Each structure stands twice: as structure tokens, then as C-alpha cells.
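Now for the letters of each chain:
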Amino acid sequence: MANVIVNRVAEFLKSFPPFSFLGKEELEIVAASVEIKYFEKDERLFLQGEPAQPHFFVVKDGGFALTEKKDSGEDIIEYCDQGDVFGVLALLGKRPYVLNAHAAEDSLLYFVPVSVFESILNQNSRVALYFAAGFASGQVVVRQDLSQSQKARKVFRNDSSDHSLLIFSDPSVIKISENVLTANENLNIQEAAKKMAFEEVSSIVIVNDQNHPKGIITDKDLRKRVVAEGVSLATPVSQLMTKNIIVKKSDSSFSDLYLCMIKNRLHHLVLTKDGTIHSSVCGIISDHDVLLSMGNSPAVLIHALLNTLDLGEMKMIRDRAEQMLRYYLENEVAMDFVASVMTEINDVILTQANIIAQKKHAADYPELEKVKYCFLSLGSEGRQEQLLRTDQDNAILYDDVPDHLKDKANEYFLKIGSEIVEVLIHCGVSPCPGDIMASNPKWVQPLSKWKEYFSDWILKPTEEALLNSSIFFDYRPIAGSKLLADLLTEHIYEEIGKKHFFLNFLAKNAYMNPAPLGFFKGFVVEKSGEHRDQFDIKARAMMPLADLARLLIFSHGVIKINNTFKRFEKLAELEPVYQDLFIQAGKAYEILMRMRALEGLQQGNNGRYIDPEKLGKLQKQLLKNTFSPISELQEIVRVRFQLDYFLK
Amino acid sequence: MSWWLFNRKKANQKSFVKEYLEKAKKSIPNIRSFDQLSFVVLDTETTGLNPAEDHILSFGAVKIQGEKIQIASSVEWYLNSTKKGKEAIIIHGLMGNEKKVSLENFSIQLLEYLGNNILVGHHLGFDLEMLQKALRPVGLERFPNPCIDTAQLAIRIDHGLMVDRNRINFKEYTLDFLCQRFKIKTHDRHTAGGDAFLTASLFLKLLKLASKKGIDNWGLLNK
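Residues numbered from 1 in each chain as written. Chains lettered and ligands numbered in written order. Predicted model: local features only at pLDDT ≥ 70, side-chain atom pairs only at ≥ 80, totals over all residues.

Draft legend 1. Geometry of the overall build of chain A. Secondary structure summary: chain A contains 25 helices and 20 strands in total. A total of 648 residues make up chain A; the buried ones form 40% of that total. In chain A, once contacts between residues fewer than 6 apart in sequence are set aside, the share between residues at least 24 apart is 72%. (Helix = DSSP H or I, 4+ residues; strand = E, 2+ residues; numbered from the N terminus. Buried ≥ 20, exposed ≤ 12 C-beta atoms within 10 Å, placed from the backbone. Contact = placed C-beta atoms within 7 Å.)

As C-alpha cells, this is what we get:
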């Protein structure tokens, strides 16, 4: 057993990648080989071009700057703080250092011998992958200003093990259905197909009287051997089934089963008691099940979602998506990619929910079959910014119907909306506290009514109207007819064009948002209630930015972009004078989204409230830096929309 | 362990003690810089604070070479003893489950480990007194190694060599206080290994501070 000193070093290393991927013993070996040195501020560790030392470095306390010599002086390329690993090029390539390193403050540095780590690198593929992926600092990563979000990552770093690099999740998760649909050999094709349709499965195992497998018929067989060939539906299954099937023992290991499927190009693998065809059928595994058990890649998750209407499975996949999200956030994957992947997953869930709803209710309303409708996501989901399953905001927009169908349409679409909302709740998306959901009759309306709503909000910008505008103006069509949504968008565009005053009200609203910092540059925290002394990152930092982006983009007559970064990106293009500011604002928003999502994942809530006391000095600074674009933008808005005059 | 040994004027020097004493004779040139020096930072946990009555429960140490703490050299040894100090068990949490070494083996290991390194400790005098008492049966009277007390070093850095010791607030020079001042997080306090590790971290920082004041070689440090 390692002594208390080795344990102390291991304890520290353990919470930072790549050491977090090591097993206890490997970690002890590494920890026991560490050397610790103290550096005073500005003391040099190595210089550009010097041969690699037999160590790489981990910052224990303090911080190190990696700099590059240029004609103009030294540029800081990277700043490493607690837990950051650098000097790894030496580990990987045994090449001279490409950067200079010096202590940016008084620092303790761990020296990890390359020789000890090399053997681990060879054995532990996750560690190798980590380095290969270039996550370790010091490989030249150029960052600018606010995009030092690497630090944000540490704010909320969680010490949980990392799941995402596993190609397969825990084998116990793999679902092998034990309820196998079987049929007797003398059944005919039509009867077998009926059974499959009724059970909603893609295969049927043909068995003899002792329940021993004789063959299998799958969806594909019905298509290829029956429909395409024009075979009579009365043909007995025994003539069409795939005979000589391959079976496996039911308690075989997963890898065994999976390899068997790959080798034999099987979509379905039948399991029997003793692994021969002379014993009874006791399970079946399909390639769909296998796919589900495979890691957390977006493609796999989306594919799996598209192939299921089972609520339990949908929820499981959505939960899995959250693990993937956590991995992405912790590893600094670009925010626009993360947001679009999560949006895509959420959208597929909605589309599937829509199918479930239609299946359930469409048959009862045949007269409405032709009526177009569109399911809209609103608020953050509408802006494609919802990473966590915070509350849902949605609505249904349907085509205008003749008078005699009005009541029916109302009833039908409300049922559809309510069903979708229920599916979402089942998948873990909490209901909207303000009841802005497609289950509320107020928000399930025909196009004419929606036009009326928007005209009204634009014409009479009451407080409620302005509040609504921040949610409803960011709608996005998800399922159904997108054309309807486009019609509504055009209408809004015309209305705003006519009534310019609306923008001034919107501006006033964006300007009046609560300030994030108090007079003494401290965070403004909640004064009372459940979140007392916590900082409301949504209301004080994110909403102001989203509101400002919306207002400014509307003022340019751009209606169709409804994502906050993309709005800032477009604004940077439209107003080159303020280009830098808009780019900063977009980045700030990105950092805030990341912080909130990580906080939420860690606390298991919506991440809205952050305790400033728990933030380190650097993290506080990072958060504060995101505020500076807010006040600058507010100032522009104040002047541009003459708020001094308007507020009186 | 037999207690009558302590009453003897001089025990017979065991051969490993002689060997150790021989090695330790080699002195360190004054001009040697810090990164060329080899230190053993040590701490002991004892049954109490009275060298006459109490004895050592455990010994922890780590070496510093090239101004780097060598974790690989860290050791923590628990001593087999006939006495069990109740108070000590409460403070140090030593429950007697640790693997223990006999006094003789401890002596052999210890002297080999110390070699001719410079010994460093916080209030080192006490630890050495306890160790010397424990090693008397094998014939060691006192450790010939050069010694540095981190408490004294800190005082010297702050106030110089010629300070009037009556004017020093010694509370500011406890291990806890200094760790706080030098921003060293205290973990595993009151275990021999933990305290030795903390003392080593403190010592690294003190060495840097000393160089800034012009104390940058062995001769100056050993004044």
C-alpha cells in the first residue's frame, strides 16, 4: 500500500484528465514517481528550442504561461492553471520545446517522468486517445480573449468518471428481448405478417411443437420474397423462412453475440437454451438493440431515436445524450456543434412525439386529415440553444379551416399538442411553469388567430406583450408544415415594418434588464428566497444578451435568424463598425451557455443559479468578462432607440 | 524492547551504525548551491511531548534533490512498541493496524535512509531527540548529519541571524501558521508522512525566499 505522501499526490492527480482515466494501481505508480518543484513568479521552466526534459508537467498550484517569441516580443499562447498538463510534446514526439514556459505566479509544479507514463500510454488506450486528441495544453491551441473557455470548464468540472470514450456502454444495458414472437411452421404468410404487425416487431421466429427454432422471417424477407415476387399470402411460412439459422446460447457474452452477428451479417440473432437449434427459443437480439448499446455518438443516438416510438427507450436515449453533452462540454467541443447536435436530438424526439400523437388521434378526425399544421418550439429551444432539459415552451399553428370545422379542429390539434407535451414530459423535459405549451388551448390556434396575436403584441406593447415577445418571436417550426410558419414570419415582418415603435419598446425592455454587477463590481445576487445569495445567470446574463441580439437583428429587418450566436454573427457582418463587440457578445453567450449547462449537469437542475462564492478567482473573472459586451450593447441601444427620450 | 538498555552508559555500536557514522563524516563544501544538495525532510509522531517518557509511534520522510521533492523516496514507517499512548492515538489516529517494524529493523532502515543527507524538519530538535533515544540501544549517541529547522529558517529569513529572540512571536512559526502564510494546503496533518510532506513543501518555498535574501549556498544556509 502506498504511503500517505504518495496517496496525497494521487488524490490530486486523480481529478484531472488524463490521470482520471487511470486505475488505482496505475495512478499510484505515476504518483510515486512524481517530483515536485516550487517556482517563483517569472522563473523559467524551459525555453523554445531546448531539448525535451524527461518529464512532462502538471500545475499543482499557481499558473504557468506558455509563450512564443515573436519579433514584437513574447506572445502568451496558453495559460495553464491547476491541473493543466503541459510539455507533452516531449512525451509524444521527443522533440524540442516549441514554446517557452515560465511561472506566471508562484507555483508548485509536478514533474511526471516520461518513462513511467510511456508504459501506461501503451497499455491504457483511453489515455493514449486523450493525448492523441490533443486536449492537453501546450499543443499549440490559439485562443483569443473570451474564448479561453478552457477555464470555464474547470469551474464546474465534475469528478465523475467519463463514459463517452467507451464504445460500448455497460453490457448490462444491452436489451435482449426475452419475449420472442414465435409462430408454428404451418402458419401462412399472411397470418405471420399479421402477428408481426400486431406486436410491432420486425421479425418472427418459426418454431416446431417443442418450441425449437426452425427458421426466421423478417420484414426484409416479406418485402423481398413475398411482395416483390408476388407470392400468394396463403403460402406456409416454412416455404419462405430463412432456414439453417444461426443460434447462440442465451447467456453468451455480449461481444460473442455481436461478433457472431457481424461475421454472419445477421440483423437478428436467435438465442436458445443450450445454443443449438435443438432446444427451445429463449431470446432474440437485433442490430437495433446493438446499436442502442453502442456508445454515445450523435449519429447512433439519432438513428436509435428515429427507430423507436417507445417512450421508455426515448427517455433512455435522451438521458444518454446528456452524458454525451457532458463529455462535449468538459472537452471544449465547439459550442455551435454541441448546440446543433442537442437541438437535432430534441427535434427528433419532437418529430417522433408528433408521430405518436398522430397515430393515436388522426383516425378519429378523418375530416381534418388534409389540414396542415405545424408544431413550433419557442424560447431557447426555438433559438436552438437548449442544452439541458429545462422547461418546454411550444405551440401549435394550424391552417385556417372552414367555419363548420373550427370546433373539431380546435379539439383535434389540442389533443395532438397535449400528447406531444406528455411525450416530452416523459422524456424528462419539465412542463412550462407559465403554461406556454401546446397543451394550452390559448396556444393551439389557426394561422389567422396567430397573426392577430402577433399584430396585437406589436401594436400594443404592454408588459405582458413584451414578455411574450421574448418567447414567441423566437419560434422555430419542428414538425409538420414549415410553410405555415413561413407565412406567419412574413406577417410579423410586415407588421414590424409598419410599426417601428414596437422596436423602441423592445429596446426599452432589453435596456431595463437587471444589471449583473453591483456598484462595487460584485455579482448582484438574489436577495431572498430559495436562491438567496446566488447569481441568476439566466436572467442577468443570458437573457439580456438574447434580448439584445433579437432587438438588433429585428431592427435590421432580419427575421429568419433565430439563434443568438448566429444573430450576433450576422450583426457583425451587417455592422462592421461594431464587429468586434458583436463577436465578443457571441462568445460571451457561448461561455454562459457552457457554464450554465455544466452547472446544471453537476447539480442535476436547470443550472440557472450559480453561487459566486464557489467560483475561483479566475472563473469569477471569466464570468465578469462576459458581462462587458452586455453593457456596451445596452449603451448602443440606448442611443440608437432614443431611450432617454422614450423612457420619460 | 528491554528498558534496562537505556540505563547503560554506552551501548555497543552495531556494525551498521559504524558504517553510517563513517559515511556521514564527509562534509559538504560551503559553496555548494541548493540544487546540488540532498535533504531528508522528516517528522515523527510520538506518544507525547516529553522525550524522557514518550516514544516514537511512526516516522515519515521524503527526500529533496535538485530542489525537487522526490515522491518516490517517500517513506512512512510504524514502530513496534510495547507502550500504547492513549492520547497519541486520539491525536494521530493511529489505531495499530499499520504494518509495523521492529526497533532494530527500524534503526537499520533509518540510518541507511538518512545517509549523509542534510536533515530537515519543523522543530527538528525534538524529532532528533526522540530518534536518538530510540537508537541508543544500537549504539548511536547523536546524528552527525547537518540539520536545518524550518521554524528557525523562517525566523532567520524574516528577522536575520542576530535577532533578539525575546521579540519573536513564536506562534507565527508553527507549521500550521507557516503553511497558511505560504498558501500550502494542509492535508493529513498529524501523520508523520503528511507533516513531513508539508514541511518539505514549506522548505522549498523557504529556500527560494532565502536565495532572494542572498542566502544561496550551503555555507550561508548552514550559518
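Additional details are given in the paragraphs that follow.
Draft legend 2. Layout of the overall build of chain B. Each helix and strand counted, chain B has nine helices and six strands in total. Burial analysis of chain B (223 residues in total) assigns 37% to the buried set. Looking at chain B alone, contacts between residues at least 24 apart form 69% of all its contacts between residues at least 6 apart.

Draft legend 3. View of helix α19 (residues 482-498) of chain A. All names here are of chain A. An ideal rise of 1.5 Å per residue puts 24 Å on 17 residues; α19 measures up with 25 Å between its terminal C-alpha atoms. Along α19, the residues classified as buried are Leu 484, Ala 485, Leu 488 and Ile 492. Down the axis of α19, the buried set is contained in an arc of 95°. They therefore lie on one face. Looking at α19, the residues exposed on the side facing more than 90 degrees away from the buried face are Leu 483, Glu 490, Gly 497 and Lys 498. If you follow the buried residues of α19, they end up packed against β15 (373-377), β16 (394-398), α17 (447-459) and β18 (476-480). (Expected span 1.5 Å × (residues − 1). Arc of directions from axis to C-beta.)

Draft legend 4. Structural view of the sheet that holds strand β4 (residues 63-70) of chain A. All names here are of chain A. The four strands lie next to each other as β2-β7-β4-β5, forming an open sheet whose pairing is antiparallel. Because the sheet does not close on itself, it has two edges, and the strands there are β2 (44-46) and β5 (73-81). Here the average twist between neighbouring strands, direction ignored, is 30°. Two elements, β2 and strand β7 (residues 100-103), share two bridges in a ladder whose sense is antiparallel. When the sheet's bridge partners are listed, Phe 46 is paired in β7 with Ala 101. (Pairing = 2+ DSSP bridges. Axes fitted to C-alpha atoms, helices over the stretch in contact; angles between N-to-C directions.)

Draft legend 5. Broad picture of the nonpolar core. Ile396(A), Leu397(A), Ile420(A) and Leu545(A) are the most contacted members of the largest nonpolar core, which totals 104 residues. Here this core gets twelve residues from one element, more than from any other, and that element is helix α23 (residues 579-603) of chain A. Here this core spans two domains, and each of domain 3 (352-497) and domain 4 (506-646) of chain A adds at least three residues to it. For Leu397(A), the residues in contact, after removing those within four places along its chain, are Tyr373(A), Cys374(A), Leu376(A), Gln445(A), Leu447(A), Trp450(A), Leu484(A), Ala485(A) and Leu488(A). Ranked by size, the runner-up nonpolar core spans 91 residues in total, among them Phe12(A), Ala103(A), Ala104(A) and Ala61(B). (Core = buried A, V, L, I, M, F, W, Y, C linked by C-beta atoms within 7 Å. Domains from an automatic or database assignment.)

Draft legend 6. Examining unusual backbone geometry more closely. All names here are of chain A. Unusually for a residue other than glycine, Asp 42 sits at a positive phi of about 75°. Judged by the 11 C-beta atoms lying within 10 Å of it, Asp 42 falls in the exposed class. Even without glycine at this site, Asn 211 takes up a positive phi of about 70°.

Draft legend 7. Structural detail: the environment of Ile168(B). Residues and elements named next belong to chain B. Here Ile 168 lies in the loop between α6 (150-159) and α7 (175-181). For Ile 168, a count of 13 C-beta atoms within 10 Å gives the class partly exposed. For Ile 168, the residues in contact, after removing those within four places along its chain, are Ile 155, His 159 and Val 163.

Draft legend 8. Seen up close, the sheet that holds strand β11 (residues 213-218) of chain A. Residue and element names in this part refer to chain A. Taking strand neighbours across the sheet as the criterion, the three strands line up as β9-β10-β11 in an open arrangement whose pairing is mixed. Of all the strands in the sheet, just β9 (182-184) and β11 have a single pairing partner and so form its edges. Strand-to-strand, the axes of this sheet are offset by a mean angle of 30°, without reference to chain direction. The pairing of strand β10 (residues 203-207) with β11 spans five bridges and is classified as antiparallel. By the bridge assignment for β11, Val 205 is matched with Ile 216. Its contacts with the sheet place helix α7 (residues 189-199) against β9, β10 and β11, and it is angled at close to 130° to β10.

Draft legend 9. Expanded view of the interface of chain A and chain B. Taken together, the contacts link 16 residues of chain A with 19 residues of chain B. Of the residues forming the side of chain A that touches chain B, the biggest block, five residues, is contributed by helix α1 (residues 4-14) of chain A. Among the residues making up the side of chain A that touches chain B, the classes are represented as ten nonpolar, two polar and four charged. Of the strand pairs in this sheet, strand β1 (residues 35-39) of chain A and strand β3 (residues 68-79) of chain B are connected by three bridges, and their pairing is antiparallel. Counterpart to Glu35(A) in the pairing with β3(B) is Gln70(B). (Nonpolar A, V, L, I, M, F, W, Y, C, P; charged D, E, K, R; others polar.)

Draft legend 10. How the structure looks around the packing of α17(A) against α19(A). Residue and element names in this part refer to chain A. Two elements in contact, α17 and α19, have axes separated by 10 Å at closest approach and are oriented at 25°. One element, α17, and the other, α19, form an angle in the roughly parallel class. Where α17 crosses over α19, the handedness of that crossing is right-handed. Seen from α17, the contacting residues are Leu 447, Trp 450, Lys 451, Phe 454, Ser 455 and Ile 458; seen from α19, they are Leu 484, Leu 487, Leu 488, His 491, Ile 492, Glu 495 and Ile 496. Class assignment for the residues of the contact of α17 with α19 results in nine nonpolar, two polar and two charged. (Parallel < 35°, antiparallel > 145°, perpendicular 65-115°, else oblique. Left-handed = near helix turned anticlockwise from the far one by under 90°.)

Draft legend 11. Expanded view of the pairing of strand β1 (residues 38-46) of chain B. Residue and element names in this part refer to chain B. In terms of residue burial, β1 counts as a mostly covered element, since eight of its nine residues are buried. As judged from the nine bridges shared by β1 and strand β2 (residues 56-65), these two strands associate in the antiparallel manner. Residue pairing in the sheet places Ser 38 in a bridge with Gln 65 of β2. As judged from the three bridges shared by β1 and strand β5 (residues 118-121), these two strands associate in the parallel manner. Across the sheet, Val 41 pairs through a bridge with Val 120, a residue of β5.

Draft legend 12. Spatial organisation of the confidence of the model for chain B. All names here are of chain B. Confidence in the prediction of chain B, expressed as mean pLDDT, is 85, and 87% of residues score 70 or more. By mean pLDDT, the top-scoring element of chain B is β5 (96), and the lowest-scoring one is helix α3 (residues 86-92) (48). As scored by the predictor, the complex reaches a pTM of 0.48 and an ipTM of 0.85. (pLDDT = per-residue confidence, 0-100.)

Draft legend 13. Summary view of the pairing of β5(B). Residues and elements named next belong to chain B. Bridge count for β5 against strand β6 (residues 147-149) is three bridges, and the pairing is parallel. Paired with Leu 119 across the strands is Cys 147, a residue of β6. With helix α5 (residues 124-135) bridging β5 and the parallel β6, this β-α-β connection has right-handed handedness. (Right-handed = clockwise from strand over helix to strand, strands pointing away.)

Draft legend 14. Highlighting the environment of Asn625(A). Residues and elements named next belong to chain A. Inspection of the secondary structure puts Asn 625 in helix α24 (residues 617-640). Judged by C-beta crowding, with 16 C-beta atoms within 10 Å, Asn 625 ranks as partly exposed. Along the chain, Asn 625 and Gln 584 lie 41 residues apart, while their C-alpha atoms are 9.7 Å from each other.

Draft legend 15. Inspection of the confidence of the model for chain A at higher detail. When pLDDT is averaged along chain A, the result is 81, and 86% of the positions lie at 70 or above. Contacts for the low-pLDDT stretch residues 133-173 of chain A, under 50 throughout, to residues beyond four places or in other chains number 81 contacts.

Draft legend 16. Main features of the packing of helix α13 (residues 311-330) of chain A against α23(A). Residue and element names in this part refer to chain A. Direction vectors running N to C along α13 and α23 enclose 130°, while the axes themselves pass 10 Å from each other. With respect to α23, the element α13 is oriented oblique. Relative to α23, the crossing made by α13 is left-handed. Contacts between α13 and α23 pair Glu 322, Leu 325, Arg 326 and Leu 329 from the former with Arg 594, Ala 597, Leu 598 and Leu 601 from the latter. Here the residues of the contact of α13 with α23 are counted per class, giving five nonpolar, no polar and three charged.

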